[in-house]
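Structural overview
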Amino acid sequence: MKSKALKRTLRIVLILVAVLIVIYSIIASVLYSGVGAFPASQAKYPERNIEELIWPTIGYPALVEAGGTVEMELDLSSLENTEKPEGPPVLNFTAKPSRPEISSFSLELQGAGFQKGKSAKWPYKSENVQTSNVWKVAVEVPKAAPSELYDISVDGVLGSQRFHDSEPHALFVTDQGGEDFDFITLADIHVHGRNISAFMEKQTDKGIAEDGRPIFFERAIDEVNLIRPDFVVLLGDFIRAQKAPGDYQKEFNWFYQTLTRFEVPVFALPGNHDLYVNEVDGIRVWEENLGPLCYSFDFRGCHFTAANTFEWPLEKRVVMEKFGSIIYPEKWQGQILGATKENNPETFDGQLGWLRDDLARAQAQKLRFLMLHHDPYHIEGRGAAYNNETFAGIFKLGGGGKGRKALLTLAKKYRVDMVMSGHLHEDILASLPWSNREGKTTFAGQTCVYFDEGGKEEKYPGYRLVKVRGGSIESFSYLDDLHSFPFYDGSVIGGKTDLDSLSKPAISARKLEEGKYGWEISSYLAVPMEIEGLAVEIPNWSGNFHCSGGEISKVVPIVGKAGSALVYVKTLMPAGKPKEGIHKEVRLGEPSASTSTFERLRETSYVVGGNNAL
């Protein structure tokens, strides 16, 4: 009897195991295959913004001091294929300030010093932008050019053919001299529509208008503009494109339109969501609108390298819907290609070979920054952003990418001071000693810009503010050595934040009533903040205006409005207190109007507490 019962039990177990194997096989065949791929036939791409003028761009601008030279790059292959001109093109460049108040002023820039050859700004040949045989044209920026962000346009003649192209926010004329500067990094903006939550993919609608406008992104930009850093770096994942076919186009258009709200230059590098294939191929959209996928630039003796850590083939980037509820691409974790042996840079080619050569050339610079979307180190060197994620304890998805150790090898060998990244939506800090043991690489991951899943989380919308002083990194965190600066009052450092309750900007400025020139500024940050982005148009600028609560930093005459000027003001906000804040009035006025009033304002400009409803 026992033998029969045992056989019956064993038979049942074997049947159950066989059934489980069949179920696992069916699920696995669906999960690991291309079943459910979003359609891509006859998809309409977003309107292309990069055509003849391929550098500088809105995502890879030029930084130049007044009196300096910029080498513009143009792709005129479509014109040259029609007609074979004997000489170089005749080009006229115009730089118009991006700020509406002074847009009537423009710089006429003449092209000279023509060269033709491989692009110096696009490291690789692209299927979407012709980069192997471009015109490189030296353009000198006048010494009298105001320090501003400019839109660039070019009018040209090649043979008998005329053309016109333009690129917004592509040139920034910097202040003269000095080695100190600030920059801000933003990660994982994730512009998206409402009602996009899916199975295991909860997303809040907070900060999203009914028409999809990313109000949360607009508010973040407004705060960045108040700080007015020298530039901003966007560390990838600007959209989501992971709910329904066609999301990519809508979300990218919302993102691109909002991008022009910045009043400072922006350097962009791609994340996994940006390069997904959702009806359209994200690589093509990126290159036709923002610029190259990887590049580098120098600023005040420091070197910045932006790399693409989502180097997967097209079929791995296609967004799919499985079982009617699970939506994902085959890969979303990091990969960067080109290493035969990841611990030996001499074997590197492809992007890793370019990265090696770029860092090798930068060894004389004071600092070297490597900007990525996927952190190759993570805590204790686990490299979570490159590994597979495990679902149901069985299925491993999303990762297994190459190149993580190669990035660590390059950071150690070529003395990278800081690797900045996003992707994981959390503040992370680690370090690794250089090969020569004379320094270390700091790996700084950071929180996201949007409200993510909502609810109570150990994170909050924020940014890193990096201060470089005397050729060294002075600071990059808020209150401690780890956390990002918060965008909202009510963010809890080192604890859980109720994301749904955040509404009050951590810093803001409200213009005073009509007829008075000035602002009421509020800060809820627990550290002093330099506010340099205050600007106002004054019709009858006498030059004798006094500033209470701050100082005039720059005056730009407005062309076409006699006597009018755009006046920039900066001020230092002392450390505030959460919920109470600190509030300050900054006013401009002629001394003859009420000198005593201004003297009194200097003494009483700091008000702790008070009305918070700004």
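Residues numbered from 1 in each chain as written. Predicted model: local features only at pLDDT ≥ 70, side-chain atom pairs only at ≥ 80, totals over all residues. Heavy atoms only, no water.

Before going further, it helps to spend a moment on the environment of S160. Along the chain, S160 turns up in the loop between β7 (149-158) and β8 (161-174). Along the chain, S160 and P292 lie 132 residues apart, while their C-alpha atoms are 30 Å from each other. (Helix = DSSP H or I, 4+ residues; strand = E, 2+ residues; numbered from the N terminus.)

This part takes up unusual backbone geometry. Of note, the bond from W55 into P56 is cis; its omega dihedral lies within 30 degrees of zero at 5°. Tracing the chain through its elements places P56 in the loop between β1 (53-55) and β2 (62-65). If you check the backbone angles, N195 has positive phi at about 55° while not being a glycine. Mapped onto the secondary structure, N195 falls in the loop between β9 (181-186) and α3 (215-227). Judged by relative accessible area, which is 61%, N195 ranks as exposed. We note that A392 has phi near 60°; this positive angle belongs to a residue other than glycine. Here A392 lies in the loop between β19 (389-391) and β20 (395-397). (Buried < 20%, exposed > 50% of the residue type's maximum accessible area, 1.4 Å probe, protein only.)

What follows concerns the sheet that holds strand β4 (residues 90-97). Spatial ordering of the open sheet is given by β1-β3-β6-β5-β4-β7-β8-β2, a layout of eight strands whose pairing is mixed. The two strands at the open ends of the sheet, each matched to only one other strand, are β1 and β2. Neighbouring strand axes in the sheet, compared pairwise and without regard to direction, differ in orientation by 40° on average. Examined bridge by bridge, β1 and strand β3 (residues 69-74) share two bridges and lie antiparallel to one another. Considered in β3, the bridge of L53 is made with L74. (Pairing = 2+ DSSP bridges. Axes fitted to C-alpha atoms, helices over the stretch in contact; angles between N-to-C directions.)

Taken together, the side chains of I15, V19, L20 and I23 define a hydrophobic patch exposed on the protein surface, amounting to about 360 Å² of accessible area. Take V19: it is sitting in helix α1 (residues 2-31). You can call V19 partly exposed: its relative accessible area is 41%. (Patch = residues over 30% accessible without salt bridge, like charges linked within 9 Å, V, L, I, M, F, W, Y side chains within 5 Å. Areas by Shrake-Rupley, 256 points an atom, 1.4 Å probe, with all protein chains shown as cover. Salt bridge = Lys/Arg side-chain N within 4 Å of Asp/Glu carboxyl O.)

Take the pairing of β4 next. Bridge count between β4 and β7: eight bridges; the pairing is antiparallel. Bridge assignment links V90 to a residue of β7, and that residue is V157. Relative to strand β5 (residues 107-117), β4 runs antiparallel, the two sharing four bridges. If you follow A95 over to β5, its bridge partner there is L107.

Right, let's get into the environment of L408. Within the secondary structure, L408 is located in helix α8 (residues 404-413). Other than its neighbours up to four places away in sequence, L408 contacts P376, Y377, L432 and F443. (Contact = heavy atoms within 4.5 Å.)

For the rest of this paragraph, the subject is the pairing of strand β29 (residues 507-511). Where β29 meets strand β30 (residues 517-523), five bridges bridge the pair, whose relative direction is antiparallel. Following the sheet pairing, K511 is matched in β30 by W519. Where β29 folds back on β30, the antiparallel hairpin that results is connected by five residues, among which G515 adopts a positive phi of roughly 95°.

A few words now on the side chain of T94. Position of T94 relative to the elements: it lies in strand β4. One polar contact links T94 to E108, side chain to side chain, over a distance of 3.3 Å. Leaving out residues up to four positions away in the same chain, T94 has contacts with S106, L107, E108, D151, I152 and S153. (Polar contact = N/O pair within 3.5 Å; in protein donor to acceptor, adjacent residues only side chain to side chain.)

Relative to the helices and strands, L588 resides in strand β35 (residues 582-589). Exposure remark for L588: the relative accessible area of 5% places this residue in the buried category. Spatially, the C-alpha atoms of L588 and V567 are 9.4 Å apart, while their sequence positions differ by 21 residues.

Taken residue by residue, the chain gives an average pLDDT of 91. The fraction at 70 or more is 96%. In this model residues 592-614 is a low-confidence stretch, pLDDT under 50, and it forms 38 contacts with partners more than four residues away in sequence or in other chains. (pLDDT = per-residue confidence, 0-100.)

For α3, with 13 residues, the first-to-last C-alpha span of 19 Å sits near the 18 Å given by 1.5 Å per residue. For α3, the buried fraction is high: 10 of the 13 residues fall into the buried class. When we look at burial in α3, the residues that qualify are F216, F217, E218, A220, I221, E223, V224, N225, L226 and I227. Buried residues belonging to α3 abut β9, β10 (231-234), α4 (247-259), β25 (462-469), β29 and β31 (529-538). In the stretch just after α3, R228 is the one whose phi turns positive, near 55°. (Expected span 1.5 Å × (residues − 1).)

Within soluble globular proteins, side chains that are nonpolar tend to cluster in buried spots. Judged by nonpolar contacts, the single largest core of 81 residues is most densely connected at L234, F255, F262 and Y463. Ranked by the residues each element gives to this core, the list is headed by α3, at seven residues. For F262, the residues in contact, after removing those within four places along its chain, are L149, H169, L186, F217, I221, V224, N225, V232 and L234. Counting residues in hydrophobic clusters, the runner-up holds 53 residues, among them A66, L79, W135 and V141. (Core = buried A, V, L, I, M, F, W, Y, C linked by side-chain atoms within 4.5 Å.)

With seven of 10 residues buried, α8 is to be regarded as a mostly interior element. Within α8, the full set of buried residues consists of R404, A406, L407, L408, T409, L410 and A411. Summarising the contacts, the buried residues of α8 are in contact with α7 (350-361), β22 (428-433) and β23 (440-445). Just beyond α8, the residue with positive phi is R415, at close to 55°.

At a minimum axis separation of 10 Å, α7 and α8 run at an interaxial angle of 10°. Here α7 is positioned roughly parallel relative to α8, judged by the angle of their axes. Across the interface between the two elements, L352, L355, R356 and L359 from α7 touch A406, L407 and L410 from α8. Considered class by class, the residues forming the contact of α7 with α8 number six nonpolar, no polar and one charged. (Parallel < 35°, antiparallel > 145°, perpendicular 65-115°, else oblique. Nonpolar A, V, L, I, M, F, W, Y, C, P; charged D, E, K, R; others polar.)

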